[in-house]
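# Coordinate analysis (summary)
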Amino acid sequence: MINIQDKGHCPTLEEIAEYVQTPVFAAFCGEIKETFGCGGKIEYSACSMEPGWNIKFKKAGKSLCTIYPRESYFTVMVVIGQKEKASTETLLPECCTELMTQDEIAVMDGGKCILQVRGVRPFFSDKFDITKHPKYKYLSDADPKNAFDMEKHIKRRPAIVKPEEEFDYYEIDGEGLQEDTDHE
């Protein structure tokens, strides 16, 4: 199995399909290629949201979408241009239901949640059972020893320098500094 975050090995589309483990991936890639007449380019991204190898589909120099492969699933970021904005906004209400009143929310199906993404109207989504995720064992929900201890983290600061380590020491005081008034 490939490591999707290994910069040293650019995976093939077949390796990514095996990693994703769903036939929807190949069908989606095929649909994009057939509909828009373009192939996907495998690129490494250091994006803080989804670092690792992904597949970008572009046509005439413009981005169509980016597929972020993950173990057993994938996500797609679709680029909506100004020309498509109006038709997309028209379709969104058909893809989701209206937000409910507080009383309706209180009695809504426990298997659903309301998902709100910046720039998109809120919509219903099925809840994901985190206990089924392959990395669940690393969460504090699975084992309290995995909880982040802020007190322990703060006590480690400043970093302790070992006697054999070389380091630079700087002492800075506020004398001679002027307030930056150009940016107020």
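So, here is what we can say about the structure in this document. Just so it is clear, the model here is predicted, and its values are computed rather than measured.

## Some points on the pattern of salt bridges
Evaluation of the coordinates by the stated rule reveals three salt bridges. Of the charged contacts in the structure, one is a salt bridge between Lys-41 and Glu-43, with a shortest N-O distance of 3.7 Å. With relative accessibility at 53%, the residue Lys-41 sits in the exposed group. A salt bridge links Asp-143 to Lys-145, with the nearest nitrogen and oxygen atoms 4.0 Å apart.

## Considering the sheet that holds strand E1 (residues 40-45)
Strand order in this open sheet of four strands is E1-E2-E3-E4, and the pairing throughout is antiparallel. With partners counted over all chains shown, the strands left at the sheet margins are E1 and strand E4 (73-78), one partner each. Across the sheet, the mean angle separating the axes of adjacent strands is 30 degrees when strand polarity is ignored. Bridging between E1 and strand E2 (residues 52-59) involves six bridges; their strand directions are antiparallel. Each residue of the ladder has a partner; that of Ser-45, found in E2, is Gly-52. Contacts from helix H1 (residues 13-20) reach E1, E2, strand E3 (62-70) and E4, with the element oriented near 55 degrees to E3. Its contacts with the sheet put helix H2 (residues 23-36) on E1, E2, E3 and E4, and the angle it makes with E3 is roughly 170 degrees.

## What to know about the packing of aromatic side chains
Summed over the entire model, instances satisfying the criterion amount to three aromatic pairs. Ring geometry for Phe-28 and Phe-74: centres 6.1 Å apart, planes at 45 degrees, overall tilted. One end of the pair, Phe-28, is in helix H2; the other, Phe-74, is in strand E4, and 46 residues separate them in sequence. According to the relative accessible area criterion, Phe-74 is buried, its value standing at 18%. An angle of 80 degrees between the planes, with centres 5.3 Å apart, marks the rings of Tyr-44 and Trp-53 as edge-to-face.

## Describing unusual backbone geometry
With a phi angle near 55 degrees, Ala-60 is a residue other than glycine that sits in the positive phi range. We note that Ser-72 has phi near 80 degrees; this positive angle belongs to a residue other than glycine. Relative to the helices and strands, Ser-72 resides in the loop between E3 and E4.

## Thoughts on the nonpolar core
In a soluble, globular protein the nonpolar side chains are often hidden away together inside. Ranked by size, the top nonpolar core spans 15 residues in total, and within it Ile-4, Ile-16, Phe-25, Ile-55, Phe-57 and Ile-67 carry the most contacts. Elements supplying a minimum of two residues to this core: H1, H2, E2 and E3. The residues contacting Phe-57, other than those within four sequence positions of it, are Cys-29, Ile-32, Lys-33, Cys-38, Gly-39, Gly-40, Lys-62, Ser-63, Leu-64, Cys-65 and Ile-67.

## Quick notes on the state of the cysteines
Here, disulfide denotes a covalent bond that connects the sulfur atoms of two cysteines. Under the counting rule described, the total for this entry stands at zero disulfides. Just so you know, Cys-38 is unpaired, no disulfide at all, and the nearest cysteine sulfur is the one on Cys-65, 7.7 Å from it. Take Cys-38: its relative accessible area is 9%, and that puts it in the buried class.

Cut-offs and rules
- Residues numbered from 1 in each chain as written.
- Predicted model: local features only at pLDDT ≥ 70, side-chain atom pairs only at ≥ 80, totals over all residues.
- Heavy atoms only, no water.
- Salt bridge = Lys/Arg side-chain N within 4 Å of Asp/Glu carboxyl O.
- Buried < 20%, exposed > 50% of the residue type's maximum accessible area, 1.4 Å probe, protein only.
- Pairing = 2+ DSSP bridges.
- Helix = DSSP H or I, 4+ residues; strand = E, 2+ residues; numbered from the N terminus.
- Axes fitted to C-alpha atoms, helices over the stretch in contact; angles between N-to-C directions.
- Contact = heavy atoms within 4.5 Å.
- Phe/Tyr/Trp six-rings, centres within 6.5 Å; stacked < 30°, edge-to-face > 60°.
- Core = buried A, V, L, I, M, F, W, Y, C linked by side-chain atoms within 4.5 Å.
- Disulfide = S-S within 2.5 Å.

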